[in-house]
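# Fold and contact review
One-letter residues, chain by chain:
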Amino acid sequence: MTKLSDFRKNYELGELDEAEAADGPLFLFNRWMDEAIAHDVSEPTAMTLATVGANGRPSTRVVLLKGCDARGMVWFTNYESRKGEELAVNPWAALQFHWVEMERVVRIEGRVEKTSAQESDDYFKSRPLDSRLGAWASPQSRVINSRAVLVSNAAKAAVQHGLSPERPPHWGGYRLVPERFEFWQGRRSRLHDRLVFRLDAYGWARERLAP
């Protein structure tokens, strides 16, 4: 087995100073997202979502960002999945984007709420047909005997719902309303740049953290 402790990487692609962050965290996030897309970063909208259940144990998974504005960060999923169950009892979460090719990380923390039914409906209608049928076919996070269960469920959904399946009641959007952003830019000698924005009574307070 390869000795993992021997892996090394020098971070030299960029820097992050306070002047870049002068317009606030959402402006900076949108700019970094645009740059990640322009640089053909693999899956630039992929983000790790961390939640905590009633037992106090954290869990993570990767979801895709589908909306970002002053209200927060949006993704869509099965409300009956493990993440949905955990958010129902503890509506606080953290997101992390890791754009490896650009040596950048963004971490976002805040309270999570469901999007409106209309917002969920509008997005659901925009999805490919196979994805819409899959939302009916997959009992997400539940134990199944084999993949054949999914295939059978998908076939039944196609017969039942045809070419215009409605959004399942157990499927829809979440919005994380940010209270904290952290922007990380890799730098040489492990002297990385870290800028944090915290929401307080006066707006977004910015601080620099030691790496």
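- The protein appears in an unreviewed UniProt entry as Pyridoxine/pyridoxamine 5'-phosphate oxidase from Pelomonas parva.

### Observations concerning the UniProt feature "domain: Pyridoxine 5'-phosphate oxidase dimerisation C-terminal" (unreviewed entry) in the protein
- Per the UniProt annotation, the sites labelled "domain: Pyridoxine 5'-phosphate oxidase dimerisation C-terminal" (unreviewed entry) are residues 171-211.
- From the first C-alpha to the last, residues 171-211 spans 39 Å; its make-up is 0% helix and 71% strand.

### A short note on the pattern of salt bridges
- Inspection of the entire model under this criterion finds 21 salt bridges.
- A salt bridge links R31 to E35; the shortest N-O distance between them is 3.6 Å. With a gap of four residues between them, R31 and E35 both fall in helix α1 (residues 25-38), about one helical turn apart.
- A relative accessible area of 24% means that E35 is categorised as partly exposed.
- Within the structure, one salt-bridge network assembled from shared partners comprises E15, E18, R187, D193 and R208.

### Side note on the UniProt feature "binding site: substrate" (unreviewed entry) in the protein
- Mapped onto the present numbering, the UniProt feature "binding site: substrate" (unreviewed entry) falls at K66, Y123, R127, S131, R190, L191 and H192. With a sequence span of 127 residues, these residues are also far apart in the fold, their greatest C-alpha distance being 43.5 Å.
- Within the element layout of this structure, K66 appears in the loop between β2 (58-64) and β3 (67-69).
- Exposure remark for K66: the relative accessible area of 43% places this residue in the partly exposed category.

### With respect to the pairing of strand β9 (residues 203-208)
- With six bridges connecting them, strand β8 (residues 193-200) and β9 associate as antiparallel partners. What sits directly across from R198, in β9, is A205.
- Between the antiparallel neighbours β8 and β9 lie two residues.

### Focus on the environment of F97
- One can find F97 in strand β5 (residues 92-99).
- Judged by its relative accessible area of 0%, F97 is buried.
- Expressed as a C-alpha distance, the spacing of F97 and L65, which sit 32 residues apart in the sequence, is 9.8 Å.
- Beyond its immediate sequence surroundings of up to four residues, F97 is in contact with F29, M33, P44, T45, A46, M47, L65, R104, V105, V106 and I108.

### Points about the packing of aromatic side chains
- According to the stated counting rule, one finds 14 aromatic pairs in the structure shown.
- Considering the side-chain rings of F124 and W171, the 5.2 Å spacing of their centres and the 65 degrees angle between planes classify their relative orientation as edge-to-face. Taken together, the residues F124 in helix α3 (residues 117-126) and W171 in strand β7 (residues 171-185) connect sequence positions 47 residues apart.
- Ring centres 6.0 Å apart and planes at 0 degrees place the aromatic pair F181 and F183 in the stacked group.
- Since its relative accessible area comes to 2%, F181 is described here as buried.
- Since its relative accessible area comes to 0%, F183 is described here as buried.
- Taken together, the aromatic side chains of W32, F181, F183, F197 and W204 make up a single cluster linked through ring pairs.
- Of note, R104 hangs over the ring of W32, and the distance from its end group to the ring centre comes to 4.2 Å.

### Quick notes on a nonpolar patch on the surface
- Among the surface-exposed residues, M1, L4 and F7 lie close enough to one another that they form a single nonpolar patch of about 470 Å² accessible area.
- Mapped onto the elements of the fold, L4 is located in the segment before α1.
- Take L4: its relative accessible area is 58%, and that puts it in the exposed class.

Criteria and cut-off values
Residues numbered from 1 in each chain as written. Predicted model: local features only at pLDDT ≥ 70, side-chain atom pairs only at ≥ 80, totals over all residues. Heavy atoms only, no water. UniProt positions renumbered as here; feature names shortened; annotations may be inferred. Helix = DSSP H or I, 4+ residues; strand = E, 2+ residues; numbered from the N terminus. Salt bridge = Lys/Arg side-chain N within 4 Å of Asp/Glu carboxyl O. Buried < 20%, exposed > 50% of the residue type's maximum accessible area, 1.4 Å probe, protein only. Pairing = 2+ DSSP bridges. Contact = heavy atoms within 4.5 Å. Phe/Tyr/Trp six-rings, centres within 6.5 Å; stacked < 30°, edge-to-face > 60°. Lys NZ or Arg CZ within 6 Å of the ring centre and 35° of its normal. Patch = residues over 30% accessible without salt bridge, like charges linked within 9 Å, V, L, I, M, F, W, Y side chains within 5 Å. Areas by Shrake-Rupley, 256 points an atom, 1.4 Å probe, with all protein chains shown as cover.

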